[in-house]
Amino acid sequence: MKAINTSRIAMVAVAAASLGLAACNSPQQEATDKAADAVEAQSDAAADAIDAQAEATTGAAEDALENKADAVEKAGEAKSDALKDAADKQN
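Residues numbered from 1 in each chain as written. Predicted model: local features only at pLDDT ≥ 70, side-chain atom pairs only at ≥ 80, totals over all residues. Heavy atoms only, no water.

A word on the overall build of the protein
The line we're drawing: Put simply, DSSP marks the helices as runs of H or I at least four residues long and the strands as runs of E at least two long, and each gets a number from the N terminus on. Contacts between residues were defined by any pair of non-hydrogen atoms, one from each residue, lying within 4.5 Å. Here the open area of atoms and residues is found with the Shrake-Rupley method and a 1.4 Å probe, where only the protein chains shown may cover a residue.
Broken down by element type, the protein carries 3 helices and 0 strands. Long-range contacts, defined as pairs at least 24 residues apart, comprise 73% of the intrachain contacts of the protein with a sequence gap of at least 6. Accessible surface, the protein: about 5800 Å² in total, of which carbon and sulfur atoms supply 61%.

Things to note about a negative patch on the surface
Quick note on the threshold: Excluding any residue in a salt bridge, patches collect residues exceeding 30% relative accessible area, merging like charges within 9 Å and nonpolar Val, Leu, Ile, Met, Phe, Trp and Tyr side chains within 5 Å. A carboxyl oxygen of Asp or Glu within 4 Å of a side-chain nitrogen of Lys or Arg is what we treat as a salt bridge. The sign given to each residue is positive for Lys and Arg and negative for Asp and Glu; His and the chain ends receive no count. Think of each charge as sitting on NZ of Lys, CZ of Arg, CG of Asp or CD of Glu. Accessibility here uses a 1.4 Å probe with only protein chains present; expressed as a share of the type maximum, an area under 20% marks a residue as buried, one over 50% as exposed, and anything in between as partly exposed.
Among the surface-exposed residues, E55, D63, E66 and D70 lie close enough to one another that they form a single negatively charged patch. At 3 residues, the largest contribution of residues to the negative patch is made by helix 3 (residues 59-88). Looking at where D63 falls in the secondary structure, it is placed in helix 3. The class of D63 is partly exposed, set by a relative accessible area of 43%.

With respect to the nonpolar core
For clarity, the threshold we go by: We call a set of buried Ala, Val, Leu, Ile, Met, Phe, Trp, Tyr and Cys residues a nonpolar core when their side-chain atoms join them within 4.5 Å.
Within the largest apolar cluster, 5 residues are counted, these being A47, I50, A54, L65 and A69. Among the elements of the structure, helix 2 (27-55) and helix 3 are those that each provide at least two residues to this core. Residues contacting A54, with those up to four places away along its chain left out, are E62, L65 and E66.

Structural notes on helix 3
Definition in use: Here, expected helix span is obtained from the residue count minus one, scaled by 1.5 Å.
With 30 residues, helix 3 ought to run about 44 Å at 1.5 Å a step, and its terminal C-alpha atoms sit 44 Å apart, in line with that. If you check which residues of helix 3 are buried, you get L65, A69, G76, S80, K84 and A87.

Remarks on the pattern of salt bridges
Two side chains of opposite charge can pair, provided their charged atoms sit close to one another. The tally for this structure, following the rule as stated, stands at 1 salt bridge. K84 serves as the salt-bridge partner of D37, at 3.0 Å between the closest nitrogen and oxygen. With D37 in helix 2 and K84 in helix 3, the pair connects residues that are 47 residues apart, well separated along the chain.

As for the environment of A31
Its place among the elements puts A31 in helix 2. Put simply, A31 and A87 are 56 residues apart on the chain and 8.6 Å apart in space, counted from C-alpha to C-alpha.

A few points about the packing of helix 2 against helix 3
Inclusion rule: Each axis is a line fitted through C-alpha atoms, taken for helices only over the stretch in contact, and angles between the N-to-C directions span 0 to 180 degrees. Roughly parallel means an angle under 35 degrees; roughly antiparallel, over 145; roughly perpendicular, 65 to 115; everything else is oblique. Gly is placed with the polar residues, together with every amino acid not listed as nonpolar (Ala, Val, Leu, Ile, Met, Phe, Trp, Tyr, Cys and Pro) or charged (Asp, Glu, Lys and Arg).
Taken N-terminus to C-terminus, the directions of helix 2 and helix 3 make an angle of 175°; their axes are 8 Å apart at the nearest point. Overall, the two elements helix 2 and helix 3 adopt an arrangement that is roughly antiparallel. When the residues that make up the contact of helix 2 with helix 3 are grouped by side-chain class, the tally is 12 nonpolar, 6 polar and 13 charged.

So, in structure tokens, the structure goes:
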């Protein structure tokens, strides 16, 4: 449960920061930032679902699912970061 709450808090923080910077961005940058946020939200949701499956198992299966959830979350963050970097270069 802790991972789910932490990821949701992070999403709120990212959304708040995005809103603060939205006025400085071009429409193309805003669209890219929104896409990046959507990618991250989708990967977080997928990771949360995998974590829920992990909670229903034990032993090696639980560990494997938790590792998969971590990998999904990290991959989503990496893709989101790449999109945001691309948006920053659109100036």
